[in-house]
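# Structural features, examined
Each chain is listed here by its residues.
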Amino acid sequence: MSDEVEVRARLARLPHPPMPASVTAAIEARLAEERTVVPITRSHRSRLNWLVAAAAAVAFVSLVGVSTSSSPAPVAQTPVIRAGAVFEPTGFAEQLRSRMGNEGSSAPTATFADSAAGITACMNAIKGYGPVMSADAGTYGEANAVVLVTRYVGNAQYEEVWVVAPDCGTSQTVVMRHILVDVDS
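Here is a short report on the structure shown in this document.

About the thresholds
Residues numbered from 1 in each chain as written. Predicted model: local features only at pLDDT ≥ 70, side-chain atom pairs only at ≥ 80, totals over all residues. Heavy atoms only, no water. Phe/Tyr/Trp six-rings, centres within 6.5 Å; stacked < 30°, edge-to-face > 60°. Buried < 20%, exposed > 50% of the residue type's maximum accessible area, 1.4 Å probe, protein only. Helix = DSSP H or I, 4+ residues; strand = E, 2+ residues; numbered from the N terminus. Pairing = 2+ DSSP bridges. Disulfide = S-S within 2.5 Å. Axes fitted to C-alpha atoms, helices over the stretch in contact; angles between N-to-C directions. Contact = heavy atoms within 4.5 Å.

Glancing now at the packing of aromatic side chains. Tallying each qualifying case throughout the model produces two aromatic pairs. Relative to Phe92, the ring of Phe87 has its centre 5.4 Å away and its plane inclined at 75°; by these criteria the two rings are edge-to-face. Taking the relative accessible area as the measure of exposure, Phe92 reaches 1% and is therefore buried. Between Phe92 and Tyr140, the ring centres sit 5.3 Å apart and the planes meet at 85°, which makes this aromatic pair edge-to-face. Highlighted residues: Phe92 in helix α4 (residues 92–101) and Tyr140 in strand β2 (residues 132–140), separated in sequence by 48 residues. Neither residue differs from the other here; Phe92 and Tyr140 are each classed as buried. Among the aromatic residues, ring-to-ring pairing joins Phe87, Phe92 and Tyr140 into one connected group.

Set out below in structure tokens:
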């Protein structure tokens, strides 16, 4: 049985609660505000009830799946930590690709990046989600900075790059630059 057929079968077995009158009224009011010409008829209401029930079932299945699987923390792997990077705002993506091509070894940076707790605090401060691949301490233009490269959770082809102050996560966090880039290309 294909995954799609199995999902449909599971969704069909779930209860189909009726749509609350308040939700129907809110939808009808919003449509009236939009000056929609098509009124909600009995067949529309039936279809809308089915769609809401299906969406609720999918949300429930998703929540059950998420709660039973362990989600990775922002620092799910040991990132490569480098010191001494010199980045310029012009041509930043190319400089980053070149720097990422040289794997290098971990080195102390005298920044938040020297500890997993520091990296996690910074990722929480900037609201970063993907696992950190590398932290490159040095300069960005004239400012001291750390360049964090994380896996982009929206598309595995790209990396999310954050240029932050060396005290990220410990005080008012300053993000100097934030981009999505394919550093592997």
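Alright, that's what it looks like, and here's the rest.
Residue placement: Gly169 occurs in the loop between β4 (159–164) and β5 (175–181). Gly169 sits in the partly exposed class, given a relative accessible area of 29%. Sequence spacing of Gly169 and Gly118 is 51 residues, and the spatial spacing of their C-alpha atoms is 7.0 Å.

A separate point is the pairing of β2. Of all nine residues in β2, eight are buried, a share of seventy percent or more. Alignment of strand β1 (residues 80–87) against β2, held across seven bridges, turns out to be parallel. Bridge pairing in β2 places Val86 opposite Thr139. For β2 and strand β3 (residues 143–151), the ladder comprises eight bridges, and the chain directions are antiparallel. The residue bridging Gly138 from the neighbouring strand is Ala145, located in β3. As consecutive antiparallel partners, β2 and β3 are separated by two residues, and within that stretch Gly141 has a phi angle of approximately 70°, a positive value.

Following the criterion strictly, the structure yields one disulfide and no others. Between the sulfur atoms of Cys122 and its disulfide partner Cys168 the distance amounts to 1.9 Å. Note on the Cys122 and Cys168 pair: the S-S dihedral is about 85°, so by sign convention the disulfide is right-handed. One end of the pair, Cys122, is in helix α5 (residues 116–126); the other, Cys168, is in the loop between β4 and β5, and 46 residues separate them in sequence. By relative accessible area, which is 0% here, Cys122 ends up buried.

This part takes up the sheet that holds β3. Either a parallel or an antiparallel arrangement is found when strands of a sheet pair, and the pairing is made through backbone hydrogen bonds. Strand order in this open sheet of five strands is β1-β2-β3-β4-β5, and the pairing throughout is mixed. Since the sheet does not close on itself, it has two edges, and those belong to β1 and β5, each with one partner. Ignoring strand direction, the axes of neighbouring strands in this sheet form an average angle of 20°. Packed on one face of the sheet, α5 meets β1, β2, β3, β4 and β5 and runs near 85° to β3.

Remember, this is a structural readout, not a statement about activity or role.
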